[in-house]
Amino acid sequence: QNPNNREILTIKYNELNDEVLGSFHYGSHYSNAAGVLHYLVRLEPFTSLHIELQDGRFDVADRQFISLPATAKTIFNGNSSDVKELVPEFFFLPDFLCNINDFNLGIRLHTG
């Protein structure tokens, strides 16, 4: 874990004290449909669900899943709010990593 992220999360944890929930590190659910669609956007039916979630179009190309190394870099270099878990397809279905349907996923403006 990035030491800066750890410090930020520790501060959030110490400042949050919900009467019902108590303190917690992450305010988002560990698994949700948007996170699944983020990774599986290149495969149907996830493509159609992603487009529906994004009001009829693909999300901005710079926010889409590009690669595992790029995702790891984002998480480890300061994005403490990105807490998506790996979906099972990472372990048995490499097809989701390829755009076999040739979807137009947009053009990335930032390469970092």
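Everything that follows concerns the structure shown earlier in this document.
Thresholds, definitions, all that
- Residues numbered from 1 in each chain as written.
- Predicted model: local features only at pLDDT ≥ 70, side-chain atom pairs only at ≥ 80, totals over all residues.
- Heavy atoms only, no water.
- Phe/Tyr/Trp six-rings, centres within 6.5 Å; stacked < 30°, edge-to-face > 60°.
- Helix = DSSP H or I, 4+ residues; strand = E, 2+ residues; numbered from the N terminus.
- Contact = heavy atoms within 4.5 Å.
- Buried < 20%, exposed > 50% of the residue type's maximum accessible area, 1.4 Å probe, protein only.

Caption draft 1: View of the packing of aromatic side chains. The full count for this structure, using the stated rule, is 6 aromatic pairs. Their ring planes at 55° and their centres at 6.1 Å tell us that F58 and F103 sit as a pair that is tilted. Note that F58 is positioned in the loop between α3 (46-53) and α4 (68-76) and F103 in the segment after α4, a separation of 45 residues in sequence.

Caption draft 2: A look at the side chain of T47. Tracing the backbone shows T47 in helix α3. Those residues within four positions of T47 in sequence are excluded, and the remaining contacts are L40, V41, R42, F58 and F103.

Caption draft 3: Examining unusual backbone geometry more closely. For the bond running from E44 to P45, omega is 5°, close enough to zero to count as cis. On the secondary structure map, P45 appears in the loop between α2 (33-40) and α3. One non-glycine residue with positive phi stands out, namely D55, at about 60°. Topologically, D55 is positioned in the loop between α3 and α4. In this structure D55 comes out as exposed when scored by relative accessible area, which is 65%. Residues other than glycine seldom take positive phi values, yet D102 does so here, at roughly 55°. If you trace the backbone, D102 turns up in the segment after α4.

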